[in-house]
Structure formats: C-alpha cells, structure tokens
Amino acid sequence: MWGNSFGGFGFSSRSSWRNSYSTKIGVKEEKNPGYEPKKLIMIQGENNVPLSKYKESVPNDFVGILLIKIREDHIGRSSGNAMWCRAFEYVDGEIIDRGMAIHKESDYDYTDYNYNEKVWSLIGKVVLDPEHIAVPQVDLAKRVEDQSTREPDVISYSVVDQETQEMTMMKTIVFNVLERQDMDQRSDRVPLDIILKSVELQIMKKVKIDKKNLQEKIKQTIIDLELEEKLDGKNLEDEKKLLEVIKEKVEYIDENTTLEDFARSISQTVEREYSPEELSKIEIKGTPIAEMIIGIKQTTCEKKDNYSKLEEAIIQTTILDLFTNNIDRHLNNWALIRDKATDTYKLGVFDHAVSLLNMSLDTECLAQPYDYIRQYWASSSVLLDRPEDLKRFATAGKDLFAYIMENYREYTMKFLQVLHDKLPEIQKAIGYREIPMAEYDKLSDEEKKKYYAHDSDKTVNSDRIMKEFNDKFKDIEKGYGLNFEQNENANRNDD
C-alpha cells in the first residue's frame, strides 16, 4: 500500500512561489484565451418578465455574457455566492442562448479557485470520454461595472439539456441504497464500492420494474382463472400451478436467459417437460409470455451495457481527480444524467474549485503540503471502506489508486494510456505559446499586448501542472513496472 490517509484542509497564499517557479529567461508567453475574462452583465430575474426586456438593457455594441439571476444554488456548498442563472452570450453581433449556468464570485481568500475550475474543465474535455462523461464548459468573467484587478468570477454552464435530459445527484442515488443514519454518519463522502453499487441499482431499476409488472400481470391472470373455475366449474389447477412457477422464475431472467433455459427451469420445477414452443403459446393478457421474457432479457442487456460504461466513466473520473489533486469529489459534485428518449444514463461532473492542490499558482494546502502530496498524493473524498478513512472522510490518493489498479485494472490501464498520450494536448489546452525575446521585440505594440509583460501576470502555471502529471506517471511506472512511452510508440506503429 502507498501511504496513509489524512484529514482536514487548510490553505495559505503562496504568491512568491509563482515568480520563483515560472521565470523563464529570454522568452515571453502568449496569453491563453481561455484565461482571459469575458465582460459580464448580471440582472436580477423577475416573474412574468419576458427575456426580450432583459436584452433591451444590453448595449448594442456589447460583447460578453448576460446572466439573468434565477435562484441561489442550494445543492452544493460552493463559496462565492453560487447562483443559478440564464446565460446569453453576445458575440459577432449574435445572441447565443447558453442555457442555465452557475455563477460564482471570486473568493478573496482562495483566489485560485475559479482558475482551477477553468483548468480542470479544459483537462477533462481533453481526456474524458464525452459520450459517457459530461464536463461543463467554463468561462471566466468580470462584471462591466468592476473591471478592477480583482480575480474574475466563474461561469459554469449546466451539463444538462433540460428539454431532453434529467439529472439525479449522486447523493440521491447513494441515499437510495444506504440507510439515513449511515448517510448522516458518513456525510457526503462514501467508499467507491458503495457509489458503484448504488449506480448499478439505479441503472437496473427499469429491469426490476419490468419484472414486477410482468409478475403482476401473471398474478392477475391466475385470479382470472380462479374466477373462471367458480363460474364454469372447471379444474384449472395445472394452469394455475404453471403460471405460479413462471411468475417465480421471472425474477431470475438475466442477460443470458434463453427460452430453452426458461422452459428447462420450469420443467424441473413442475416435473413435466415443457418445450420452448409450448411456452411460446402461453399468453398473459393477450401477449405471448415468450415475447415478454425476450423483452426483459433485452432490457437487461442494454442496462448492463449502460452500467459498464458508467462504471468505466466513474473510474476514469476518479483517476483524473487523483492526477489533478481534487480533494472535493463528494456526492454533490457529480450526478447521473438520463436521456428521456432512450432511458440511458451518462455521468455528469462539476464544481472543481478545490482541485489542482499545490499544482496551480497561489495556494498551498497546509494540511497536505507539497512534499507530503508528492509522497502520498492528495487525499480523496471518494473513500476506501476502511475505519480510519470513514472516520476522517478522506483516503490517501495512492491508496485509492492502488485499490483501483487491483480491482479495475483494465479500465485503469486503458485510461492511463489515453491520459499519457494526450499530455501534449493537455499542455496546449492549459498552457502558453512561447516566443523568444528577439522575436517579441520585432512585434508591433498592438501585437505585444497578446503577451504577458512579465511572469507575475500569469494566472496558471501550466508547466508546474504538467510536471505534477509526469511525476505521477513516474510513480506509477516505478511502482507497477510499466512503460507508457513504450506503449504509446507501439500504438503509433499499429496505426
């Protein structure tokens, strides 16, 4: 095992680190457009006021974002007066409806938080599978009435299309499995296995409902036969017994069930041979029982496949959280997103302010200082089921990674290789293009405005972030005898 878990979190400003770490002699660095704050207008929403009225208050030449405040965010515990808003972006003379978004003010105590939100989203969009994991688009913005030196606010756009999708918070999903007292005791930080089991039960709920509905129809058919016996004096005991057995066997239909298997199971119970053909002739409320069995089997296959994709998505996200020192993946910071038309689910992840611990510029976690994190990795709020972890609500990052590597190795190796192969793409997304001073001096004054005048103006130390990523890969390669560079070269040759 790697290291031990540790608890509470404390932060302090460390601006001096920025200058000593990021100074590069003889080069200038271009401003990353992703970190440039957009202009922001915020208006308080009112009942029965059409959107056109709000838009009338925006200047004709405005380029930026209009937010109409709707309600406070009561789900999470985010700092910065989190507020749900309706968002519109004004660009190139067009108004783009960006849907719902959460706006958070800059936190004066933790000025890196909103930049961390932006950086995590940039990294997540590069490496996480967008088909199965929704990562929010994030903008940094400053209100038009306050273009001072204060750090920008953050706008995180909803990962849910409210017309076609619905979202269930992970806390609600886990709550459906755990007893209330367990939730109170464990707060909103629980073991990985509980999260996965809860998600599986949520996804498989449709199969459970379909089985119950079929069993209810069979039960009603038996009642109808009993009534027929009383009215006509018939002896329908064999038919009722057969239906009782079928009702019992419905519970055991899974993705591998065939009509032959189902008929064989019934035959063994009633001590009479039933063929699939005979079974197919039995109808429940006008529908062949064989058709219903096949329907439940198909639904089970679809849901099992959906869950396996979600299981992999949860493992991917947890590994990326470990790489980005995200200590705040509690149950209110991710959710399941259901497509209403197809009844399929994907993972939604959000609120990454307390990530990149000791990786971005200005904050250091006093309870988890840089040297300690280098040795054990930052703690995780996705836990291992160990008494000391449940007590502290935290698990050492390396311990959690070792558990994932042991129990979900295929997912882990696949994602680690993707993450390693995309390091240059991550660097491009979060970093800065460098230009030698000799070339910089040849630029016009207007062109020079695209570059930082001096290193202390930089908002994100991408070099340090990439160094931490590479250091973690070195840890893993050394600890498990792996070589991701070799695998990357092999993949290129295969292509």
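Please refer to the structure placed before this passage.
Definitions and limits used
Residues numbered from 1 in each chain as written. Predicted model: local features only at pLDDT ≥ 70, side-chain atom pairs only at ≥ 80, totals over all residues. Heavy atoms only, no water. Pairing = 2+ DSSP bridges. Helix = DSSP H or I, 4+ residues; strand = E, 2+ residues; numbered from the N terminus. Axes fitted to C-alpha atoms, helices over the stretch in contact; angles between N-to-C directions. Contact = heavy atoms within 4.5 Å. Buried < 20%, exposed > 50% of the residue type's maximum accessible area, 1.4 Å probe, protein only. Arc of directions from axis to C-beta. Parallel < 35°, antiparallel > 145°, perpendicular 65-115°, else oblique. Left-handed = near helix turned anticlockwise from the far one by under 90°. Nonpolar A, V, L, I, M, F, W, Y, C, P; charged D, E, K, R; others polar. Polar contact = N/O pair within 3.5 Å; in protein donor to acceptor, adjacent residues only side chain to side chain. Salt bridge = Lys/Arg side-chain N within 4 Å of Asp/Glu carboxyl O.

> When you look at the sheet that holds strand S5 (residues 83–91) in this model, what are you seeing that I'm missing?
Strands in a sheet are paired, the pairing made by backbone hydrogen bonds, and the direction either parallel or antiparallel. Within the closed barrel, the six strands sit side by side as S3-S4-S5-S6-S9-S8. Their pairing is mixed. Taking each pair of neighbouring strands and ignoring which way they run, the sheet shows an average axis angle of 45°. Sheet analysis places strand S8 (residues 138–143) next to strand S9 (residues 153–157), joined by four bridges and oriented antiparallel. In the strand pairing of S9, Asp 139 is matched with Ile 155. Packed on one face of the sheet, helix H3 (residues 113–127) meets strand S6 (94–104), S8 and S9 and runs near 150° to S8.

> Where do I start with helix H16 (residues 423–430) in this structure?
Along an α-helix, residues three or four positions apart point the same way, because every turn accommodates 3.6 residues. Of the positions making up H16, those classed as buried are Leu 423, Ile 426 and Ile 430. All buried residues of H16 lie within an arc of 55° about the axis, which places them on one face of the element. The outward face of H16, more than 90 degrees from its buried face, is lined by the exposed residues Pro 424 and Lys 428.

> Would you take a moment to explain the packing of helix H14 (residues 397–407) against helix H19 (residues 462–480) for this structure?
Packed helix pairs are characterised by how far apart their axes lie and by the angle those axes make with each other. The geometry of H14 relative to H19 is characterised by a closest axis approach of 13 Å and an angle of 55° between their N-to-C directions. Viewed along their axes, H14 and H19 adopt a mutual orientation that is oblique. Here the hand of the crossing between H14 and H19 comes out right-handed. Seen from H14, the contacting residues are Lys 398, Phe 401, Ala 402 and Met 405; seen from H19, they are Asp 475, Ile 476 and Tyr 480. Among the residues forming the contact of H14 with H19, the class breakdown is five nonpolar, no polar and two charged.

> Mind showing me how you'd approach the side chain of Thr 257 here?
Here Thr 257 shows up in the loop between helix H8 (237–250) and helix H9 (259–270). What makes Thr 257 buried here is its relative accessible area of 10%. A distance of 2.9 Å separates a polar atom in the side chain of Thr 257 from the backbone nitrogen of Asp 254. In this structure Thr 257 touches Tyr 252, Phe 262, Ile 293 and Lys 297, once residues within four positions along its chain are discounted.

> Is there a simple way to explain the sheet that holds strand S7 (residues 133–134) in this structure?
If you trace the four strands from one edge of the open sheet to the other, you get S7-S14-S13-S10, paired in mixed fashion. In this open sheet, the two strands that pair with only one neighbour each are S7 and strand S10 (165–169). Sheet topology places S10 next to strand S13 (residues 334–339); five bridges connect them, and they run antiparallel. Paired with Gln 165 across the bridge in S13 is Asp 339. Packing of helix H6 (residues 192–203) onto the sheet brings it into contact with S13 and strand S14 (344–349), and relative to S13 it is tilted by some 15°. Sheet strands in contact with helix H11 (residues 289–323) are S7, S13 and S14, and its direction is about 10° off that of S14.

> Looking at this model, I keep getting lost on the pattern of salt bridges. Mind explaining?
A side chain with one charge can pair with a side chain of the opposite charge if their charged atoms come near. What the rule picks out here adds up to 33 salt bridges. A salt bridge links Glu 200 to Lys 197, with the nearest nitrogen and oxygen atoms 3.9 Å apart. One end of the pair is Glu 200 and the other is Lys 197, both in helix H6 and three residues apart, which spans about a single turn. Glu 228 is paired through a salt bridge with Lys 234; the nearest N and O atoms lie 3.0 Å apart. Classification of Glu 228 as partly exposed rests on a relative accessible area of 27%. Taken together, the shared-partner salt bridges in this structure form one network comprising Lys 38, Glu 89, Arg 98 and Asp 139.

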